[in-house]
Amino acid sequence: MALEHAILVSLLEKPGSGYELARRFDRSIGYFWTASHQQIYRVLKHMEGDGWVDVHEVPQQARPDRKDYRVSPAGRAALAAWLHEPVQPDSVRHELAVKIRAAAFDDPAALIAEVERHHRAHSDRLTHYLAGELRDFTGPEAPASDAGRELQHVVLRGGVAYERMTLAWLQDVLTTLRGLAAP
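These figures come from a predicted structure and were not determined experimentally. (Residues numbered from 1 in each chain as written. Predicted model: local features only at pLDDT ≥ 70, side-chain atom pairs only at ≥ 80, totals over all residues. Heavy atoms only, no water.)

1. Notes on the environment of Asp 146
Defined as follows: Going along the chain from the N terminus, every DSSP run of H or I of four or more residues is numbered as a helix, and every run of E of two or more is numbered as a strand. Burial classes follow relative accessibility: with a 1.4 Å probe on protein chains only, a residue under 20% of its type's maximum area counts as buried, one over 50% as exposed, and anything between as partly exposed. A 3.5 Å cut-off defines polar contacts: any pair of N or O atoms within that distance qualifies, except that in protein one atom must be a possible hydrogen donor and the other a possible acceptor, and neighbouring residues in sequence count only when both atoms are side-chain atoms.
Relative to the assigned elements, Asp 146 resides in the loop between helix H6 (112–138) and helix H7 (147–181). For Asp 146, a relative accessible area of 45% translates into the label partly exposed. Separated by 106 residues in the primary sequence, Asp 146 and Ile 40 place their C-alpha atoms 28 Å from one another. Of note is the side chain of Asp 146, whose polar atom sits 3.1 Å from the backbone nitrogen of Gly 148. For Asp 146, the side chain forms a polar contact with the main-chain nitrogen of Arg 149, separated by 2.8 Å.

2. Focus on the sheet that holds strand S2 (residues 53–58)
Using the following cut-off: Note: two strands are recorded as paired if DSSP finds a minimum of 2 bridges between them.
Pairing is antiparallel across the open sheet formed by three strands, whose spatial order is S1-S3-S2. At either margin of the open sheet sits one strand with a lone partner, and together these are strand S1 (16–17) and S2. Direction of pairing for S2 relative to strand S3 (residues 66–71): antiparallel, over a ladder of six bridges. Along S3, the bridge assignment pairs Val 55 with Tyr 69.

Take a look at the structure:
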């Protein structure tokens, strides 16, 4: 997948400026596909040149004009073509897992603080996902569902399941490391 496809999806969900798009990446889609603000702006410029997005300049006082982006028909066609391509299963590259294996050749207790840090980060992300799910999908104030919202929710549920699985694994790692570190 190219960043262009993630941007097209985000703009189809809600058109907006490059700044708004970058903030959405920071808050939601960025958990599944990361990009810096500079990358997003650079790719938007290429997408504009390729005709994948339409740009509407909005005048602002005391600031440069804001560019609002919408997906063009050519962008929709590019996304549809990509959607029908097969996806290759990802290879797993997990630095922490390699460090855990390497601990057999050093001091396993030296990794405890690092694994605890990862556990806190994944716990925080799970809390964030669950709060978003309540707010946006399952709570009393959640908007009515449609196909787009159902697909957003199924991706979020995958994120919740992944974080729960990761937390269980990290707890297993901590138990093992602590057991090996015990005198």
